[in-house]
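Inside the fold
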Amino acid sequence: LNLHFLFAHELLDVASGTRHSLLLFDNGKILPFGDNGHGQLGLSKTIDYQSISEENPLYVDTPENFISVAAGLNFSLAVSDDGGLWGWGNNHNYQLGLHSPRTIEKPQLLTDVKGWKKVFAGGYESLALKDDGTLWNLRNFEIIKNPNGTIWKDVNIYGEAWGWGDYTLIVVLQDIDNKFWVYGTCLDSLDNFSIINSFIDKETVCIDADTILPINISSDTTRFQVTDLSGIYQNKSDTVIFGLSVADDEKMQRIKEPV
């Protein structure tokens, strides 16, 4: 593989969606690869797929320099160095915040409002954080309010593709006090948040960003990520992996509580 172009600049950010990924370099340019069936690679040429091993790979077609990227299910988000909010790809579930449910094949400025800092995506969910600490759900361009009135720091989204009427979404929010919160859907095959139930006070939850729940975790936790079946959290002294794992006998087993 001829990957010399990867080492010309340092990586600043990386994002992976269901079928594509984005590499953001410190020169502000984005190298996309994977499926391009919905224009999620943001390229000047109409191609179905780009491999990371190509001799002369195409970069996202815009003169803007970027500071943050995110990749969801067939769509991409980015923040330019002037605080602009950009997006491209599939907008059929309004994940780009545009009123028209259509495919956006070229990078497009999503709003005239500036001051954006970081973007997050997963499944059909898309969020953006501003410099003032306000967190916005881009599908309806509404603020996600912290129940304690604190500003937000980080987000982790787990979202799946639609399948047989089921859709699993888990959004973990972290505020500047390192308190963690969650919202999402119970429309998955297990009819609940599954493994995250060990960390919340409600057994089965179907909640949106207006009714987020606190995650019960030690106050020194600095990182918490979870899917419907597994997760990881980190504090000052330990990193704990929990959930569904493969034992030595190759049988799947569920750990109900963190170990």
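Not measured: the values here are computed from a predicted model.

Glancing now at the nonpolar core. The biggest cluster of nonpolar side chains holds 25 residues, and the ones touching the most others in it are Ile30, Val69, Leu77, Leu85, Trp88, Leu96 and Val119. If you look at the next biggest cluster of nonpolar residues, it comprises 18 residues, including Phe120, Val155, Leu173 and Ala209.

Across the sheet, which stays open at both edges, the 4 strands sit in the order 13-14-15-16 with antiparallel pairing between neighbours. Sheet topology places strand 13 (152-159) and strand 16 (213-214) at the edges, where each strand pairs with a single neighbour. One ladder, built from 7 bridges, connects strand 13 with strand 14 (residues 169-175); its direction is antiparallel. By the bridge assignment, Trp152 is partnered in strand 14 with Asp175.

Turning our attention to the environment of Ser218. The residue Ser218 is located in the loop between strand 16 and strand 17 (223-226) in this model. A residue is classified by how much of its surface remains accessible, and Ser218, at 35% relative accessible area, is partly exposed. A C-alpha to C-alpha distance of 10.0 Å links Ser218 and Phe180, two positions 38 residues apart in sequence. A polar atom in the side chain of Ser218 sits 2.8 Å from the side chain of Asp220.

Using the criterion set out here, one finds 10 aromatic pairs in the structure. Note on Phe224 and Tyr233: the rings are 6.5 Å apart at their centroids and 10 degrees apart in plane angle, and the pair reads as stacked. Exposure remark for Tyr233: the relative accessible area of 12% places this residue in the buried category. Aromatic ring contacts, followed pair by pair, group Phe180, Phe199, Phe224, Tyr233 and Phe242 into a single cluster. Sitting above the plane of the Trp116 ring, Lys130 keeps its charged end 5.1 Å from the centroid.

This brings us to the pattern of salt bridges. Between side chains of opposite charge, a pair can form as their charged atoms come close. Under the defined criterion, the tally for this structure stands at 3 salt bridges. Its salt-bridge partner being Asp154, residue Lys118 comes within 3.6 Å of it at the nearest N-O pair. One end of the pair, Lys118, is in strand 9 (residues 116-122); the other, Asp154, is in strand 13, and 36 residues separate them in sequence. Given the relative accessible area of 26%, Asp154 is considered partly exposed. Here Glu125 makes a salt bridge to Arg139, at a shortest N to O gap of 2.8 Å. Here Glu125 is found in strand 10 (residues 125-130), whereas its partner Arg139 is found in the loop between strand 11 (135-137) and strand 12 (142-144), with 14 residues between them in sequence. By relative accessible area, Glu125 is classed as buried at 2%.

Next up on the list: the sheet that holds strand 5 (residues 66-71). Whether parallel or antiparallel, the strands of a sheet pair through hydrogen bonds between backbone atoms. In space, the 4 strands of this open sheet follow the order 5-6-7-8, with antiparallel pairing throughout. Among the strands making up the open sheet, the edge pair consists of strand 5 and strand 8 (103-109). When the angles between neighbouring strand axes are averaged without regard to direction, this sheet yields 10 degrees. Where strand 6 (residues 75-80) meets strand 7 (residues 85-90), 5 bridges bridge the pair, whose relative direction is antiparallel. Across the sheet, Val79 pairs through a bridge with Leu85, a residue of strand 7.

Scoring rules and cut-offs
- Residues numbered from 1 in each chain as written.
- Predicted model: local features only at pLDDT ≥ 70, side-chain atom pairs only at ≥ 80, totals over all residues.
- Heavy atoms only, no water.
- Core = buried A, V, L, I, M, F, W, Y, C linked by side-chain atoms within 4.5 Å.
- Buried < 20%, exposed > 50% of the residue type's maximum accessible area, 1.4 Å probe, protein only.
- Pairing = 2+ DSSP bridges.
- Helix = DSSP H or I, 4+ residues; strand = E, 2+ residues; numbered from the N terminus.
- Polar contact = N/O pair within 3.5 Å; in protein donor to acceptor, adjacent residues only side chain to side chain.
- Phe/Tyr/Trp six-rings, centres within 6.5 Å; stacked < 30°, edge-to-face > 60°.
- Lys NZ or Arg CZ within 6 Å of the ring centre and 35° of its normal.
- Salt bridge = Lys/Arg side-chain N within 4 Å of Asp/Glu carboxyl O.
- Axes fitted to C-alpha atoms, helices over the stretch in contact; angles between N-to-C directions.

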